[in-house]
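# Observations on the model geometry
Residues per chain, in single letters:
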Amino acid sequence: MTMMTSLARALAADAQTPQRLTMYRHLHISDHPIVMVPITLAGETNAPLAVMVGTDPARPEVIVTRQPRERAERLRFAERLAGHLLYPIASMAAITQRLESRGAELSVRATEAPQIWVPNPAGVDYVRLLGRMTRFRSIEGRWAVAPSVRQLGIWLTWLAEQAEFADSCVLVPATRALSGVWATGQSDVEDGNLAALMAWLAPPPGMAIADAVRRAEDPALCPPAGPATDPTFDRLFLQPTLRDLAAASTEPARRQVLSRLTSMLLEQMRPTWNLVWHAIELLRQEPPAPRVARRWERQRDRFTAFHYYVTNGGNPQAKRDNAVRGAQRLAEMEQRLASFNAERAYDDPLVIADHRLAGEAFAGTVVASDATRRVRATQKLVPRPLVTVTTADPVRLEEGQQVHDPSRNGQRALITRIEETTDGWIITLELQDKMGRGRTPAPGSVPASGDEAVYLALADTFVRRRRAWPTRDDIPWTHGGPPPEYVPAPEDAVEEWS
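Residues numbered from 1 in each chain as written. Predicted model: local features only at pLDDT ≥ 70, side-chain atom pairs only at ≥ 80, totals over all residues. Heavy atoms only, no water.

In this section: the overall build of the protein chain. Looking only at helices and strands, the protein chain has 14 helices and 17 strands in total. Each principal axis of the C-alpha atoms in the protein chain carries an extent, and together these give about 90 × 65 × 45 Å. The buried share of the protein chain, taken over its 498 residues, is 46%. Restricting the contact set of the protein chain to residue pairs at least 6 apart, pairs at least 24 apart contribute 69%. Positive and negative side-chain charges of the protein chain, numbering 59 and 59 respectively, have mean locations separated by a distance of 5 Å. (Helix = DSSP H or I, 4+ residues; strand = E, 2+ residues; numbered from the N terminus. Buried < 20%, exposed > 50% of the residue type's maximum accessible area, 1.4 Å probe, protein only. Contact = heavy atoms within 4.5 Å. Lys, Arg positive; Asp, Glu negative; His and termini not counted. Charge placed at Lys NZ, Arg CZ, Asp CG, Glu CD.)

So, on to the side chain of His-26. Position of His-26 relative to the elements: it lies in the loop between strand S1 (19-20) and strand S2 (34-40). Assessed through its relative accessible area of 11%, His-26 is described here as buried. Engagement of the side chain of His-26 in a polar contact is seen with the side chain of Asp-348, the distance being 2.9 Å. Contacts of His-26, omitting those with residues within four sequence positions, involve Ala-289, Val-292, Arg-295, Phe-340, Arg-344, Asp-347, Asp-348 and Val-351. (Polar contact = N/O pair within 3.5 Å; in protein donor to acceptor, adjacent residues only side chain to side chain.)

Before going further, it helps to spend a moment on the nonpolar core. Counting 80 residues, the largest nonpolar core has Met-36, Leu-81, Leu-85, Trp-117, Leu-178, Leu-265 and Phe-303 as the members making the most contacts within it. When residues in this core are grouped by element, the largest group, 13 residues, is from helix H10 (residues 251-284). For Leu-85, the residues in contact, after removing those within four places along its chain, are Ile-34, Met-36, Val-53, Ile-116, Leu-152 and Leu-156. (Core = buried A, V, L, I, M, F, W, Y, C linked by side-chain atoms within 4.5 Å.)

The subject of this paragraph is helix H2 (residues 71-94). In this model H2 runs 33 Å from its N-terminal to its C-terminal C-alpha over 24 residues, within 8% of the 34 Å that 1.5 Å per residue would give. Where H2 bends most, the angle comes to about 35 degrees, and this point is Ala-82. (Expected span 1.5 Å × (residues − 1). Bend = angle between axes of the 7 residues up to and from the residue.)

Before going further, it helps to examine the packing of helix H4 (residues 147-162) against helix H11 (residues 292-311). Between H4 and H11, the least distance of the axes is 12 Å, while the angle of their chain directions is 155 degrees. Viewed along their axes, H4 and H11 adopt a mutual orientation that is roughly antiparallel. Like other packed secondary-structure pairs, H4 and H11 cross with a definite hand, here right-handed. Contacts between H4 and H11 involve Gln-151, Ile-154, Trp-155, Trp-158 and Gln-162 from the first element and Gln-299, Arg-302, Phe-303, Phe-306, His-307 and Val-310 from the second. Looking at the contact of H4 with H11, its residues break down into six nonpolar, four polar and one charged. (Axes fitted to C-alpha atoms, helices over the stretch in contact; angles between N-to-C directions. Parallel < 35°, antiparallel > 145°, perpendicular 65-115°, else oblique. Left-handed = near helix turned anticlockwise from the far one by under 90°. Nonpolar A, V, L, I, M, F, W, Y, C, P; charged D, E, K, R; others polar.)

Relative to the helices and strands, Ala-318 is located in the loop between H11 and helix H12 (323-347). Of the residues examined, Ala-318 reaches a relative accessible area of 30% and is grouped as partly exposed. Counting along the chain gives 183 residues from Ala-318 to Arg-135, while the straight-line C-alpha distance between them is 9.7 Å.

Note that Glu-112 resides in the loop between strand S6 (108-110) and strand S7 (116-118). It is Arg-300 that comes nearest to the buried, bridge-free Glu-112 among opposite-charge side chains, at 6.0 Å. Setting aside anything within four residues of it in sequence, one finds Glu-112 in contact with His-28, Ser-30, Met-92, Trp-296, Arg-300 and Phe-303. (Salt bridge = Lys/Arg side-chain N within 4 Å of Asp/Glu carboxyl O.)

Moving on, we come to the packing of aromatic side chains. One pass over the full model with this rule turns up nine aromatic pairs. Three or more aromatic residues joined by ring pairs form one cluster here, namely Trp-155, Trp-158, Phe-303, Phe-306 and Tyr-309. Over the ring of Phe-165 we find Arg-336, and its NZ or CZ is 3.9 Å from the ring centre. (Phe/Tyr/Trp six-rings, centres within 6.5 Å; stacked < 30°, edge-to-face > 60°. Lys NZ or Arg CZ within 6 Å of the ring centre and 35° of its normal.)

This brings us to the sheet that holds S7. Paired through their backbone hydrogen bonds, the strands of a sheet run either parallel or antiparallel. Taking strand neighbours across the sheet as the criterion, the five strands line up as S4-S3-S2-S7-S8 in an open arrangement whose pairing is mixed. Lying at the two open borders of the sheet, with one neighbouring strand each, are strand S4 (61-64) and strand S8 (171-173). Shown here is a sheet whose adjacent strand axes are inclined to one another by a mean of 20 degrees, direction ignored. Bridging between S2 and S7 involves two bridges; their strand directions are parallel. (Pairing = 2+ DSSP bridges.)

A few words now on unusual backbone geometry. Phi angles above zero are rare outside glycine, and Asn-409 is one such case at about 60 degrees. Within the secondary structure, Asn-409 is located in the loop between strand S14 (402-405) and strand S15 (411-421). Classification of Asn-409 by relative accessible area gives partly exposed; the value is 45%. The backbone of Lys-434 sits at a positive phi, close to 55 degrees, despite the residue not being glycine. Within the secondary structure, Lys-434 is located in the loop between strand S16 (424-431) and strand S17 (452-456). For Lys-434, a relative accessible area of 42% translates into the label partly exposed.

As a working rule, side chains carrying opposite charge can pair if their charged atoms are close by. In total, this model carries 23 salt bridges according to the counting rule given. Between Asp-188 and Arg-9 there is a salt bridge, with the nearest N and O atoms lying 2.5 Å from each other. Placement of the pair is Asp-188 in helix H6 (residues 188-191) and Arg-9 in helix H1 (residues 3-15), with a sequence separation of 179 residues. Asp-188 gets classed as partly exposed once you look at its relative accessible area, which sits at 49%. For Arg-9, a relative accessible area of 13% puts it in the buried group. Through salt bridges with shared partners, a single ionic network connects Arg-294, Arg-295, Arg-298 and Glu-343.

This is the structure in structure tokens:
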């Protein structure tokens, strides 16, 4: 937790009012989001009990498992869920636009990508485990399943993998999206309860926040946001109903008990379903940050590339990554996290304020500017203006360190001198780039005396690995050696179904 977040939480608790952490929303919100509210059977490894899914807040689809402990019933549940998720995914991938930029890996890009909302991070774990237990199923032989079940597993696994990246927005936990914009006066654990979090951000009319939070924490009034159910509900209602369903000997009796079970589960999921849609609308009212659109384009590129992989017969994701794949994934996570943090800071004054408190950025007034300064680089003179800034911010930077100017698209500057004074710091910087191609800097590319300036230690571009990754056959013995060719087998999913 950063200093800014800690301060905002303290202020929220004192004033009983949520505090803003950002000026903008740094998350893309789809025009047609898919909401999924799952619940599982307590005491089982991801035994799907029911799910409410759909794109229309007023018309959700409800899928219920008759006997969640039976493997055949779970597979039928997955097949029904595939019917509601694979069609919109295929529809979005079918509409593309041509890319004209040279050097692009793909010639086309999907105009839209799926965005699935779940109530909390536990919903992401649900998607990951459901993908794990379905993508390895065989579509031939004695225990064959419908091809859509296996395809659903592949897509759910991709969605869960994308959710691990900081800049991804195809699988969104509602609590995490809200906590990225507002700070409440409660802990992170309490913010994990969607009902309690929404009680802070949008309490019922005429109700104080404290009363709204107490109401939200009552499972009888606000059932848990899934995928776990309330233990009291399990003991008093769910287990007896499941026993009645198993004991029903005729089809009319089974239909009657199943109808009762569906009504009970609908009452458990409906409050959370409404809260997720309310959270989406609350976030939609916030202005998006300038770089949100660019990140969404990159996300659509990844979606398009993976869709081509799946449609061309790509195998399900391996059970475990080999050494090269693991290193590549870790490097990509680091690159995307660094870029996301820098882009948020470049777009948002409140995020920069957080870095200023940490000494990783400073804001001040330009007291001297030499825009005509040139130095010799190789065989010619190049512009290298000097800018001197006074600041009262706490500075924890060093001479020779590079900083960037968010207002000039990340213009790079080198700190040449830092001098401490009685009331702050005097910092001299040498500008390095983004001043045009002429012998003199372009107008506006160099701060003038009297201008307000902000410099940040984060760069919006991450230094990528220059050396190529080794191939599968070149993995050294210290990292397991060349792995055998992976062939999915039904046994890969056995441990998740037991």
